[in-house]
Structures are given as C-alpha cells and as structure tokens.
Amino acid sequence: MSEVDPSSFLADPLSQISRAERRNLLIASTVGLLVGHVGLVPTRISALGLDFNTPEQTAFLILLALVVVYMEFAFCIYATADFFMWRKRYYDYRVAAERASSNWTLEDQMSEDEIHQSVPPIYWYWQKAPVVAWLRIIFEFILPLCVGAYTVAILGVRAW
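Quick notes on the rules
- Residues numbered from 1 in each chain as written.
- Predicted model: local features only at pLDDT ≥ 70, side-chain atom pairs only at ≥ 80, totals over all residues.
- Heavy atoms only, no water.
- Axes fitted to C-alpha atoms, helices over the stretch in contact; angles between N-to-C directions.
- Helix = DSSP H or I, 4+ residues; strand = E, 2+ residues; numbered from the N terminus.
- Left-handed = near helix turned anticlockwise from the far one by under 90°.
- Contact = heavy atoms within 4.5 Å.
- Phe/Tyr/Trp six-rings, centres within 6.5 Å; stacked < 30°, edge-to-face > 60°.
- Buried < 20%, exposed > 50% of the residue type's maximum accessible area, 1.4 Å probe, protein only.

## Focus: the packing of helix α2 (residues 16-38) against helix α5 (residues 123-159)
Following both chains from N to C, one finds α2 and α5 inclined at 35°, their axes separated by 9 Å at the closest point. The interaxial crossing formed by α2 with α5 has left-handed handedness. On α5, the residues touching Arg19, Arg22, Leu25, Leu26, Ser29, Gly32, Leu33, Val35, Gly36 and His37 of α2 are Arg136, Phe139, Glu140, Pro144, Leu145, Val147, Gly148, Tyr150, Thr151, Ile154, Leu155 and Arg158.

## Some words on the packing of aromatic side chains
The final tally for this structure, using the stated rule, is nine aromatic pairs. A centroid spacing of 5.5 Å and a plane angle of 5° characterise the contact between tryptophan 86 and tyrosine 90, whose relative ring orientation is stacked. Of this pair, tryptophan 86 and tyrosine 90 both sit in helix α3 (residues 54-102), separated by four residues, roughly a single helical turn. A residue is classified by how much of its surface remains accessible, and tryptophan 86, at 1% relative accessible area, is buried. Classification of tyrosine 90 by relative accessible area gives buried; the value is 11%. When the ring of tyrosine 90 is compared with that of tryptophan 134, the centres are 6.2 Å apart and the planes differ by 85°; the resulting orientation is edge-to-face. With tyrosine 90 in helix α3 and tryptophan 134 in helix α5, the pair connects residues that are 44 residues apart, well separated along the chain. Among the aromatic residues, those joined into a cluster by ring pairs are Phe9, Phe83, Trp86, Tyr90, Tyr93, Trp134 and Phe141.

Encoded structure:
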C-alpha cells in the first residue's frame, strides 16, 4: 500500500511572481510605516531640487498610501491564484488519505506494525502537517495584507 505524504501541500505556496509582489508590498509598507509612525516625511529632495511644504507633504502621504494599495491589489491577484492551487493540493491530499484509510487492510496494519518495531513512527508528521501548512498560509498570505492595510490606515490618519 502506498503511503500518502503531506509534503505536496507543505511545499512553498507562493509562486515566484507572488513572492516578488509580496516583497514589494512589504518594502512599500515598511517605507509607509517609517513615514507614518516616525514622521519621516521629506521636506526636501535635494537631488531633484524639490522642496515640500505642508500641502505637498500631505500629497506625498496620499501618494505613498496609494502605492501601498496598488501593491496590495497586485499581491492579492497573484496570491489568490497560488492560494487556490495550494487548496487543491491540500484537497487532493485529504482525498488520497481518505482513500488510503478506507482501503486499509489487516495485512497493511500488520506490515505497518512490523516496520514500526524497528523504526520509530512519525505520526507527528501527519498530525502536525496541516497545522504547519495553515500557519504558513497565514504568514505568507494574510500577514502581508494586514501590514499593508495597517500602513494605509496610518498614512491616511497622518495625511488628514
């Protein structure tokens, strides 16, 4: 009997383009948080010969918030497709696990017991894999969106 392995849905849930969009969102959010919390609103960009008075500083905050919103939107588009693909892998694993358990025979159990007499079992792998996968989904998908939303809120409060 072949063993069902959760490694398919424990693999990286983000594609390269989603990971790049996530990185861009986090960089833009970090800049926005520095501007919003620390008050690092530029008053002058000497390389371009620009001086910002209060109205231009407000416009800069709004522009930065819009950049973060754009980055969030771009990340959402790419990450949603990746999330659907991850969910499909997770579903396929659950279906395969259900099939394997429904076809489990006494001979399979005896064979499994023989193996585990000489090799320690790794039940933790199958029990904890879904929890680890969902924690990773929260970290990879939800956390960047929350950071971006928080950044937009801070910039909005600071601009008005």
